[in-house]
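Observations on chain architecture
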Amino acid sequence: MLVIYGGLFFALFVKIVHIQATGVVNGQVLEARAAALYEKEAVLTAERGKILDRGGSVIAEDTLSYRLIAVVSPIATTNPEKPRHVVDPEKTAEILAKYIEMDEANIYKNLTKKITDSKTGELKQPYQVEFGTAGRSISHEIKTAIEAENLPGILFTSDSKRYYPNGPFASHLIGFALKEKQDDGETYKTVGKMGLELFYNKELTGVDGSMQYKSDAFHYLLPNSEQMIKPAQNGSDIYLTIDKTIQNFLEESMTSVFNEYDPKSMVAIIADPKTGEILAMSQRPTFNPENRIGLEDWLNTATQKILEPGSTMKVFTLATAIETGNWHPGATFQSGSYTLLDRTIRDHNYVGWGPITFLEGIQRSSNTAMAYLLEDIGNDTFIEYLDKFGFGKPTGIDLPGEVNGKILTDYPIDYVTTSYGQGSTVTPIQLVQAMTAIANDGQMMQPYLIKKIVDSNGEVVQKHEPKVKGNPVSSSTAEQVREILASTVTSEKGTAQKFAIEGYEVAGKTGTAYIADSDGSGKYLTGQNNYLYSFLGMAPADDPQLIMYVAVKQPQLEAGEFGSDPVSKVFTSVMENSLKYLNIDPENVAEVDTYKIENYVSKNAADVEQNLLSAGFKPVIIGEGGKIVEQYPSEGLQLTKGSLVYLKTEGSITVPDFTNWSLRNLLIYKNMSGLEIEISGEGYVESQSVSKGAIITDSSPIVVNLKTPEQIYLSPKDNETLEEEDLPQD
């Protein structure tokens, strides 16, 4: 016995010494096994960078959301009346289908599915299930509603989602980003799919960090264990040249006209001619990047689509004639038609106006006037100047996929039709760039949208500055062109009379362009509703501060309406509001009942509120009252009576009654208050989730629903009839 047990202990001793010396058992390194058991690593998720307007207002950011989980495997509980797993899959599926974008049948299938046990090979019920994209990015409102249903086994975990607080807002420019499953099959990451979100995905995407630590079998942190933390590096923030207020002016007006005239498409751009900064850009149809509802076309019309510009091209034919000494405004020509070899072109009224001056020809938008000017200019010189104005090549704007357009020179008639904007193609952004030369005394500015990119440490890693692209014409030529274009608005013979704005002199050119038939026949569509109507204008004419291009394709016009009607409704409202917002004083304005806003900062809110009420305004107090720390509008702006004036003070915020507030007023309040306000719909506020007078004490979002006047006042039956009548007919 002594020999036997002595031998066993000796063998054990040798084994222990061997293990101690080599650290290996059965070919496995013990240190690695221990590390696998006790050393853990957690991912520190990086935040995606924000997209902001020129003033720092958020356009896109990551925000808190929730992920839906269903525990389907039975869990032991001390209270049988409160089960911790799904006990009735059929009822659970029926209720969840009301709240998430998955039908009842698929939810039930998910709740009752079986998986194969990796050890036994038998089918078994998983511990928990998720619901893919339908169960991710759940809003606080939906989460609260589901929790109120008291469904056993239904849980939520915190998540993040890409949040677009403004709804449809330069959507084809901003694009959208979605959560995508990574290669490991478990983790998700937000990835840009369109627009700036896609083009600047690398800059916006952060680098995840990690935390390594040691824990026991129950996942408790071991005493005295070291934690190795590699901080996450958040993505860079991108500041745009877009002005949120001007963009909102444009969005509201575009939506109104789109709903009224039901065109095939619309596009509009607003730029600062002094710098080339794009202040607003929009198109219709549009979509909500939150849910992609309405997304039909993935292309940005302003930069990725070509069009025949129509008479807006006459601006640059005129500028070329003046610059080359071939402009004689008092000389006359025979309007109506012009024949070159075997081709005849006509004025838009087919018969013309008899012998008229070239100045009147511009005012009446005569095609034959351009043909006669081209004779004096010469074809080669004309093409040379179009090249100087940037047509036929990219502008270099900081956006993806910009197309060139094409200036046709194949046949002699091509030069003539190009002079009045048919045949050759351009992009809207090329027209805006070329117009900066006219507005900016001959200096053509490159358009750009990215103001700066700031990394997570606050350092500016990329900054864009105004860039002069060229000087196609002289300062005197540009000034003369502006004067002539202003006469198209003020003259009784002018085609742009509807674009006049009280108090501001507008200079610009209307356009009515034929649309090529999509059947490939090379023919143009016919009929009043089959044109591209547009306007390329600026204001004030003597020293333009804004350039605006608006185009409406195939609006459904009633008898007696003209193509300039929908275009002018967008231009005049947006241009006037924008000029006033920028504090550009109007000239020769008739006396109206206005009040000049003073500087209220540091004054007592109660006193200022009383003064504003007496003056006929509607003050909105943000905070508990006391000393005012911020105001909107700013000092010096003239407001008409009945306008809202926002006064921000310190302290907790009491929710006002938002009923009948416009989207613009709601966005101003949201920006100043800093509250989490989820905006749904368009038009005017119809309801709000938090009652008037409630004091906000946490970060729970306030859901505000907007409706258009038609949605508010028409019955469902009327709405159905309207929608059927408004559908475009093939």
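Data block above holds the structure.
Residues numbered from 1 in each chain as written. Predicted model: local features only at pLDDT ≥ 70, side-chain atom pairs only at ≥ 80, totals over all residues. Heavy atoms only, no water.

1. Some details on the layout of surface pockets
Roughly 1200 Å³ of internal volume is contained in the second largest pocket. H348, N367, T512, Y514 and Y531 are, among the 38 residues lining the second largest pocket, the residues nearest its centre. Residue assignment for the lining of the second largest pocket shows that the elements contributing at least two residues are β19 (343-346), α15 (412-419), β25 (507-514) and β26 (531-539). At five residues, β25 tops the list of elements feeding residues into the lining of the second largest pocket. (1 Å grid on protein atoms, 1.4 Å probe; cavity = no way out; pocket = protein on both sides within 12 Å on 5 of 7 lines; lining within 4 Å. Points joined across faces, edges and corners; volume = space filled by probe spheres on them. Helix = DSSP H or I, 4+ residues; strand = E, 2+ residues; numbered from the N terminus.)

2. Focus: a nonpolar patch on the surface
A cluster of nonpolar side chains, M1, I4, Y5, L8, F9, L12 and I16, forms an exposed patch at the surface whose accessible area comes to about 800 Å². Tracing the backbone shows Y5 in helix α1 (residues 2-22). On the accessibility criterion, Y5 (45% relative accessible area) is partly exposed. (Patch = residues over 30% accessible without salt bridge, like charges linked within 9 Å, V, L, I, M, F, W, Y side chains within 5 Å. Areas by Shrake-Rupley, 256 points an atom, 1.4 Å probe, with all protein chains shown as cover. Salt bridge = Lys/Arg side-chain N within 4 Å of Asp/Glu carboxyl O. Buried < 20%, exposed > 50% of the residue type's maximum accessible area, 1.4 Å probe, protein only.)

3. A short note on the sheet that holds strand β16 (residues 278-284)
Strand order in the open sheet formed by five strands is β16-β15-β27-β26-β25, and the pairing between neighbours is antiparallel. The open sheet has two edge strands, β16 and β25, and neither has a second partner. In this sheet, adjacent strand axes meet at a mean angle of 5° when their direction is disregarded. The strands touched by helix α9 (residues 244-261) within the sheet are β15 (265-271), β16 and β27 (546-553), with β16 carrying the most contacts at an inclination of about 20°. (Pairing = 2+ DSSP bridges. Axes fitted to C-alpha atoms, helices over the stretch in contact; angles between N-to-C directions. Contact = heavy atoms within 4.5 Å.)

4. A closer look at a negative patch on the surface
Taken together, the side chains of D88, E90, E94, D103 and E104 present a region of like negative charge at the surface. Taking relative accessible area as the criterion, E104 reaches 37% and is therefore assigned partly exposed. (Lys, Arg positive; Asp, Glu negative; His and termini not counted. Charge placed at Lys NZ, Arg CZ, Asp CG, Glu CD.)

5. Considering the pattern of salt bridges
Scanning all chains against the criterion turns up 23 salt bridges. Between E61 and K50 there is a salt bridge, with its nearest N and O atoms 3.9 Å apart. Here K50 lies in the loop between β3 (39-44) and β4 (51-52) and E61 lies in strand β5 (residues 58-71), a separation of eleven residues in the sequence. The class of K50 is partly exposed, set by a relative accessible area of 31%. A salt bridge links K193 to E180, with the shortest nitrogen-to-oxygen separation between them at 2.0 Å.

6. Some details on helix α4 (residues 104-111)
Considered for burial, the residues of α4 that qualify are I107, N110 and L111. All buried residues of α4 project into a common sector of 95° when viewed along the axis, lining one side. Residues of α4 that are exposed and point over 90 degrees away from its buried face: A105 and K109. Taking the backbone nitrogen of A105 as reference, a side-chain oxygen 3.3 Å away marks D103 as the first, capping residue of α4. (Arc of directions from axis to C-beta. Polar contact = N/O pair within 3.5 Å; in protein donor to acceptor, adjacent residues only side chain to side chain.)

7. Structural notes on unusual backbone geometry
Glycine aside, residues mostly have negative phi angles, and peptide bonds mostly take the trans form. At the junction of R284 and P285, the peptide bond is cis and its omega measures out at 0° in the coordinates. Following the sequence through the fold, P285 ends up in the loop between β16 and α10 (301-304). In this structure, the amide linkage connecting A539 to the following residue, P540, adopts the cis form with an omega of -20°. Within the secondary structure layout, P540 lies in the loop between β26 and β27. The phi dihedral of D262 falls on the positive side, at around 50°, and the residue is not glycine. For D262, the location among the structural elements is in the loop between α9 and β15. Phi angles above zero are rare outside glycine, and Q554 is one such case at about 55°. Within the secondary structure layout, Q554 lies in the loop between β27 and α18 (564-581).

8. What to know about empty space enclosed by the protein
For the structure on display, the rule yields two cavities of 30 Å³ or more. Of the volumes computed, that of the largest cavity is approximately 50 Å³. Every residue lining the largest cavity is listed: A170, S171, H172, L173, M281, S282, Q283, T286 and N300. At the level of secondary structure, the elements contributing two or more residues to the lining of the largest cavity comprise α6 (171-174) and β16. Classifying every residue of the lining of the largest cavity gives three nonpolar, six polar and no charged. There is about 30 Å³ of room inside the second largest cavity. Residue composition of the lining of the second largest cavity, grouped by class: five nonpolar, two polar and no charged. (Nonpolar A, V, L, I, M, F, W, Y, C, P; charged D, E, K, R; others polar.)

9. Examining the sheet that holds strand β35 (residues 702-707)
The strands making up a sheet associate through hydrogen bonds between their backbones, and the pairing can be parallel or antiparallel. The sheet built from three strands is open, its strands ordered β33-β35-β34 with mixed pairing. Looking at which strands have only one partner, the edges of the open sheet turn out to be β33 (677-680) and β34 (684-688). Strand after strand, the sheet turns through a mean of 30° between neighbouring axes, direction not considered. Pairing of β33 with β35, which is carried by four bridges, proceeds in the parallel orientation.

10. With respect to the nonpolar core
Judged by nonpolar contacts, the single largest core of 86 residues is most densely connected at F316, F391 and I438. When residues of this core are assigned to their parent elements, the largest contribution, eight residues, is made by helix α16 (residues 428-439). In terms of nonpolar packing, the next biggest core, distinct from the first, is built from 33 residues, L279, V489, A496 and I501 among them. (Core = buried A, V, L, I, M, F, W, Y, C linked by side-chain atoms within 4.5 Å.)

11. Things to note about the packing of aromatic side chains
Across all of its chains, the model carries 20 aromatic pairs by this definition. Relative to W298, the ring of F176 has its centre 5.6 Å away and its plane inclined at 65°; by these criteria the two rings are edge-to-face. Here F176, found in strand β10 (residues 176-181), pairs with W298, found in the loop between β16 and α10; they are 122 residues apart in sequence, far enough to count as distant. Owing to a relative accessible area of 48%, W298 belongs among the partly exposed residues under this scheme. With centroids separated by 5.7 Å and ring planes inclined at 50°, the aromatic side chains of F333 and Y372 adopt a geometry described as tilted. Of the two residues, F333 sits in strand β17 (residues 332-334) while Y372 sits in helix α13 (residues 367-377), which places them 39 residues apart along the sequence. (Phe/Tyr/Trp six-rings, centres within 6.5 Å; stacked < 30°, edge-to-face > 60°.)

Just distances and angles here, no functional claims.
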